[in-house]
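Observations on the three-dimensional arrangement
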Amino acid sequence: MEQAFDISEREGTAAPVVSVSGEIDVATAPSLRNRLQARVAGGDTTVVVDLAHVSFLDSTALGVLVGALKRCREAGGDLRLVITEPRILKVFEITGLTEVFSIHPTVDEALEAPPR
Amino acid sequence: MTEMPATEMPATRFPKEIAPWDVIELTIPVRTDLVVLARLTAATLASRVGFDVEEIEDLRLAVEELCLSLVRNGDDGRLRLRYTREGDDGIAIACTFEAAPGRGLRELPVDDLSIRILDALVDEHGRSSEGGHKRAWLRKRRSRTVA
């Protein structure tokens, strides 16, 4: 059974961690967009998005992440991704977005990554 | 954003006659929370044809992008999907957007990301207009050989 879509946020680390689970598609991507926009609007310039528990991701989700990355970089920060599932990483690879995003295998590595 | 060239879906290359149960049709209202039905149907049929797990996941994403290439937020109407089993190892999916009465069709550029995804995941894909409806299609064959 597919894991239900959910977003949770964690603070108190070097950058806030937004963890997503389930499927990010045309129906659920707007929720992620709102959460990430709120983060940047609230003054967080660098955000870690943990996609380790995401089972599906489409172009709408990619668009949301690209938009958030742009806002973070315009504010002088970065949007770092945690991806562990090969099939999720594949979507970034075939769209050429592995060259755009800072992608890491664990949250700890994403938090410790040097600025790009 | 890139305009995808209008192309007609080529005739099937599989000579085997298609039995009636090899065609499945699904019609859904244009609602973001219902596109999942197009994915679920694609996954189920791909499994019946013998696609492996990775190929099923590829087709799930491809059919999502097919639907997204036809509609945008605010569109009102129906998506009509036709899944056709082609021979022993392939599936063709055609998706037609039928706008609600009184709602005109908007010709929309297709997102670059959608095109890249479809290019990578299916053997063929294209778009056309037919009878006042927008239509997109794809074709994917199983890569592995079943003993």
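Residues numbered from 1 in each chain as written. Chains lettered and ligands numbered in written order. Predicted model: local features only at pLDDT ≥ 70, side-chain atom pairs only at ≥ 80, totals over all residues. Heavy atoms only, no water.

Along chain A, the regular secondary structure elements total four helices and five strands. Going from N to C terminus, chain A has its helices and strands arranged as β-β-α-β-α-β-α-β-α. Whereas a compact globule of 116 residues would reach a radius of gyration of roughly 13 Å, chain A reaches 13 Å, a difference of no more than 12%. Projected onto its principal axes, the C-alpha positions of chain A cover 35 × 25 × 25 Å. Counting only residues that meet the buried cut, chain A has 50% of its 116 residues in that class. A separation of at least 24 residues holds for 63% of the contacts in chain A among residues at least 6 apart in sequence. Carbon and sulfur atoms form 50% of the exposed surface of chain A, whose accessible area is close to 5200 Å². (Helix = DSSP H or I, 4+ residues; strand = E, 2+ residues; numbered from the N terminus. Rg over C-alpha atoms; globule rule 2.2 N^0.38 Å. Buried < 20%, exposed > 50% of the residue type's maximum accessible area, 1.4 Å probe, protein only. Contact = heavy atoms within 4.5 Å. Areas by Shrake-Rupley, 256 points an atom, 1.4 Å probe, with all protein chains shown as cover.)

Residues and elements named next belong to chain B. A residue-level look at chain B finds 80% of positions with pLDDT of 70 or above and a mean pLDDT of 85. Considering each helix and strand of chain B separately, the mean pLDDT is smallest for strand β4 (residues 124-130), with a value of 89, and largest for helix α2 (residues 53-68), with 96. For this predicted complex, the interface confidence comes out at an ipTM of 0.90, alongside a pTM of 0.87. (pLDDT = per-residue confidence, 0-100.)

Let's shift gears to the sheet that holds strand β2 (residues 17-24) of chain A. All names here are of chain A. An order of β1-β2-β3-β4-β5 is seen for the five strands of this open sheet, with the pairing classed as mixed. With one partner strand each, in any of the chains shown, β1 (6-10) and β5 (102-104) form the two edges of the open sheet. Ignoring strand direction, the axes of neighbouring strands in this sheet form an average angle of 25°. Sheet topology note: the strand β3 (residues 47-57)/strand β4 (residues 79-82) ladder contains four bridges and is parallel. By the bridge assignment for β4, Asp50 is matched with Val82. Strand contacts of helix α3 (residues 86-94): β3, β4 and β5, with the helix running at about 105° to β3, the strand carrying the most contacts. (Pairing = 2+ DSSP bridges. Axes fitted to C-alpha atoms, helices over the stretch in contact; angles between N-to-C directions.)

What follows concerns α2(B). All names here are of chain B. Taking 1.5 Å of rise per residue, 16 residues should cover 22 Å, and α2 covers 23 Å from first to last C-alpha, within 8% of that figure. Of all 16 residues that make up α2, 14 are buried, and the element is covered over most of its length. By the N-cap criterion, in which a side-chain oxygen at the helix start approaches the backbone nitrogen of a residue two or three places on, α2 is capped by Asp52, the distance to Glu54 being 3.2 Å. (Expected span 1.5 Å × (residues − 1). Polar contact = N/O pair within 3.5 Å; in protein donor to acceptor, adjacent residues only side chain to side chain.)

Moving on to the interface of chain A and chain B. Opposite the 20 residues of chain A that make contact, chain B presents 19 residues. Across the interface of chain A and chain B, roughly 1500 Å² is buried in total on both sides, 61% from carbon and sulfur atoms. Put simply, chain A and chain B have six salt bridges between them. Of the charged contacts in the structure, one is a salt bridge between B:Arg60 and A:Glu23, with a shortest N-O distance of 3.2 Å. At the junction of chain A with chain B, the criterion picks out eight residue pairs in polar contact (both at pLDDT 80 or more). Where the side of chain A that touches chain B is concerned, the elements lending two or more residues are β3, α2 (59-74) and α3 of chain A. Residue classes in the side of chain A that touches chain B are distributed as eight nonpolar, six polar and six charged. (Buried area = accessible area lost by both parts, 1.4 Å probe. Salt bridge = Lys/Arg side-chain N within 4 Å of Asp/Glu carboxyl O. Nonpolar A, V, L, I, M, F, W, Y, C, P; charged D, E, K, R; others polar.)

Right, let's get into the nonpolar core. Ranked by internal contacts, the top residues of the largest apolar core, which has 66 residues, are A:Leu51, A:Phe92 and B:Leu81. Sorting elements by how many residues they give to this core places α2(B) first, with eight residues. Beyond its immediate chain neighbours, meaning those up to four positions away, B:Leu81 contacts B:Ile24, B:Glu25, B:Leu26, B:Ile28, B:Ala38, B:Val63, B:Cys67, B:Ile93, B:Ala94 and B:Cys95. Ranked by size, the runner-up nonpolar core spans seven residues in total, among them A:Ala15, A:Val82, A:Val107 and A:Leu111. (Core = buried A, V, L, I, M, F, W, Y, C linked by side-chain atoms within 4.5 Å.)

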